[in-house]
Amino acid sequence: MKIFDAVNFGTKYLKGSIAEPRIESEALLSFTLGAGKEYLLINRDKELTDDSFNKYMEVLDLRKSGMPYQYIVGEKHFMGLIFNVSPSVLIPRNDTEILVEEVLKRLKSGDTVLDIGTGSGAIAVSIAKYKDVKVYAVDISDGALEVAKGNADINGVSDKVIFIKSDLFSSIPDGIRFDLIVSNPPYIRSNEINELQEEVKREPKIALDGGEDGLTFYRRIVKDSVNYIKFGGIIAFEVGFDQAWDVKDILVDGGYSDIEVVKDLQGIDRVVLGKRL
């Protein structure tokens, strides 16, 4: 089968299963061949080997079954950087770039930052890449921490990020006070997990399930944060589409003021920030 025909075959094979079958069939064939899209265009009449076609079918089957594209190819672009991803971590979303951008605006050189629930390390690594700060990144998952450490290494910030296995603040060293605490915690309501898109359900449940009302981790983080954040320090959260005002109330009740709500590119309230009184 020629490359051009393989792309058409993949498009038809994925149609009805994903939103953009042609784009992904091209991308998956590029991944299979270890070549860019330009190679497919220039060599559209080149015959695929049986081995290449069989490998292509394997990734098509994975994608058709609901496996996220990013897990298949093993990476995701975020904040202009490349991050390795695996089923051990939540795939970084473009919306989370809004959170990182708002944090970067408020940091100054020499600050100390805590990223809670670091996952792939996308937030922590991006902050360390673009600001001269020290970042502590915590997660309860060994698999996530392994991925995150690798991402710090490939993006050249291993010397600026300290990774700790911790259930929120439980293993934070004594005596540290942070200038800024940031988190994109699990915020899907428990009873909505089974209603998510099939590919989202392939991501780790521990990174999705925010409890009965989706606010469990916001409450826990805010409650304990006052023992770890400097007076005048900032806390910053990503939130679900209908949670901004609930999180604002949690922050106010927890001793934070100057609450700000920032919208994403779709005009949805996406980031909530507060200052420690």
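This structure is a prediction, so every number in the text was calculated from the model and none was measured.

### Examining the overall build of the protein chain
Looking only at helices and strands, the protein chain has 10 helices and nine strands in total. Seen along its three principal axes, the alpha-carbon backbone of the protein chain occupies a region of about 65 × 40 × 30 Å. Out of the 277 residues in the protein chain, the part that is buried amounts to 52%. Accessible surface, the protein chain: about 13300 Å² in total, of which carbon and sulfur atoms supply 50%. Each charge class in the protein chain was averaged separately, 35 positive and 45 negative side chains, and the resulting centres sit 2 Å apart.

### Comments concerning helix α4 (residues 50–64)
Taking 1.5 Å per residue, 15 residues should reach 21 Å; α4 reaches 21 Å between its end C-alpha atoms and fits that length. Every buried residue of α4 is listed here: Ser52, Tyr56, Met57, Val59, Leu60 and Arg63. Buried residues along α4 sit in contact with α1 (3–14), α2 (21–33) and α5 (69–73). Just downstream of α4 lies glycine 66, where phi reads positive at about 110°.

### Let's talk about the environment of serine 109
Take serine 109: it is sitting in the loop between α6 (95–106) and β3 (112–116). For serine 109, a relative accessible area of 56% corresponds to the exposed category. Taking the C-alpha atoms as reference, serine 109 lies 6.7 Å from lysine 131; in sequence the two are 22 residues apart. Looking at serine 109, its side chain comes within polar contact range of the side chain of aspartate 132, at 3.2 Å.

### Details of the packing of aromatic side chains
Taken as a whole and judged by the stated rule, the model has six aromatic pairs. Aromatic side chains tyrosine 218 and phenylalanine 237 sit 5.1 Å apart centroid to centroid with 80° between the ring planes, which places their arrangement in the edge-to-face category. One end of the pair, tyrosine 218, is in helix α9 (residues 216–225); the other, phenylalanine 237, is in strand β7 (residues 229–238), and 19 residues separate them in sequence. Neither tyrosine 218 nor phenylalanine 237 differs from the other in exposure class; each is buried.

### Brief notes about the side chain of threonine 118
Positionally, threonine 118 belongs in the loop between β3 and α7 (122–130). Owing to a relative accessible area of 6%, threonine 118 belongs among the buried residues under this scheme. Excluding anything up to four places from it in sequence, threonine 118 contacts Ala124, Ala137, Val138, Asp139, Leu145, Ala148 and Phe163.

### Some thoughts on α6
What α6 keeps buried is the set Thr96, Ile98, Leu99, Val100, Glu102, Val103 and Leu104. For α6, the secondary structure elements touched by its buried residues are β1 (75–78), α7, β6 (178–183), β7, β8 (256–263) and β9 (269–276).

### Some remarks on the sheet that holds β7
Strands belonging to one sheet form pairs held by backbone hydrogen bonds; the direction of such a pair is parallel or antiparallel. Strand order in this open sheet of seven strands is β5-β4-β3-β6-β7-β9-β8, and the pairing throughout is mixed. With partners counted over all chains shown, the strands left at the sheet margins are β5 (161–165) and β8, one partner each. Averaged over all adjacent pairs, the angle separating strand axes in this sheet is 15°, with direction ignored. Pairing between strand β4 (residues 134–139) and β5: five bridges, direction parallel. Opposite tyrosine 136, over in β5, you have isoleucine 162 as the bridge partner.

### A look at the packing of α9 against helix α10 (residues 244–253)
Where α9 meets α10, the closest approach of the two axes is 9 Å, and the angle between their N-to-C directions is 20°. Relative to α10, the element α9 lies roughly parallel. Seen from above, α9 lies across α10 with right-handed handedness. Mapping the contact onto sequence places Tyr218, Arg219 and Val222 in α9 and Val247, Ile250 and Leu251 in α10. In terms of residue class, the contact of α9 with α10 is made up of five nonpolar, no polar and one charged.

### A short note on the pairing of β3
Counting buried residues in β3 gives five out of five residues, a clear majority hidden from the surface. Burial along β3 is two-sided: the face carrying Thr112, Leu114 and Ile116 and the face carrying Val113 and Asp115 are both buried. Pairing between β3 and β4: five bridges, direction parallel. Opposite threonine 112, over in β4, you have lysine 134 as the bridge partner. Note that the unit made of β3, α7 and β4 has a crossover that is right-handed. Relative to β6, β3 runs parallel, the two sharing four bridges. For leucine 114, the partnering residue across the bridge sits in β6 and is isoleucine 181.

About the cut-offs
- Starting from 1, residues in each chain are numbered consecutively following that chain's sequence as written.
- Residue-level local features of this predicted model are given only where pLDDT is at least 70; pairs of side-chain atoms are given and counted only at 80 or more, and the full residue set underlies all totals for whole chains, interfaces and linings.
- Excluded from the side-chain calculation are hydrogens and water; included are all heavy atoms of the structure.
- Helical segments are the DSSP runs of H or I of at least four residues, strand segments are the runs of E of at least two, and each set is numbered from the N terminus.
- The buried label applies to any residue whose accessible area, calculated with a 1.4 Å probe on protein chains only, is under 20% of its type's maximum; exposed applies above 50%, and partly exposed to all values in between.
- A 1.4 Å probe and the Shrake-Rupley method give the accessible areas. Residues count as covered only by the protein chains that appear here.
- His is not counted, nor are the chain ends, whereas Lys and Arg count as positive and Asp and Glu as negative.
- By convention, the charge on Lys lies at NZ, on Arg at CZ, on Asp at CG and on Glu at CD.
- Expected helix span is taken as 1.5 Å per residue step, with the number of steps being one fewer than the number of residues.
- Only heavy atoms matter for contacts: two residues are in contact if any of them lie within 4.5 Å across the pair.
- We call two N or O atoms a polar contact when they sit within 3.5 Å, provided that within protein one can donate a hydrogen and the other can accept it, with sequence-adjacent residues counted only if both atoms are side-chain atoms.
- Whether two aromatic rings pair depends on their centres lying within 6.5 Å, for rings of Phe, Tyr and Trp, where Trp uses its six-membered ring; planes under 30 degrees apart make the pair stacked, over 60 edge-to-face, and the rest tilted.
- For two strands to pair, DSSP has to find at least two bridges joining them.
- Simply put, an axis is a line fit to the C-alpha atoms, just over the touching stretch for a helix, and the angle between two N-to-C directions goes from 0 to 180 degrees.
- Any angle between 65 and 115 degrees counts as roughly perpendicular, while under 35 counts as roughly parallel, over 145 as roughly antiparallel, and the rest as oblique.
- Rotating anticlockwise by less than a right angle from the far helix to the near helix defines a left-handed crossing, while the corresponding clockwise rotation defines a right-handed one.
- Under the scheme applied, nonpolar residues are Ala, Val, Leu, Ile, Met, Phe, Trp, Tyr, Cys and Pro; charged residues are Asp, Glu, Lys and Arg; polar residues are all the others, including Gly.
- Consider the strands pointing away from the viewer: the crossover is right-handed when the path from the first strand over the helix to the second runs clockwise.

Worth remembering: the numbers are spatial, not functional.
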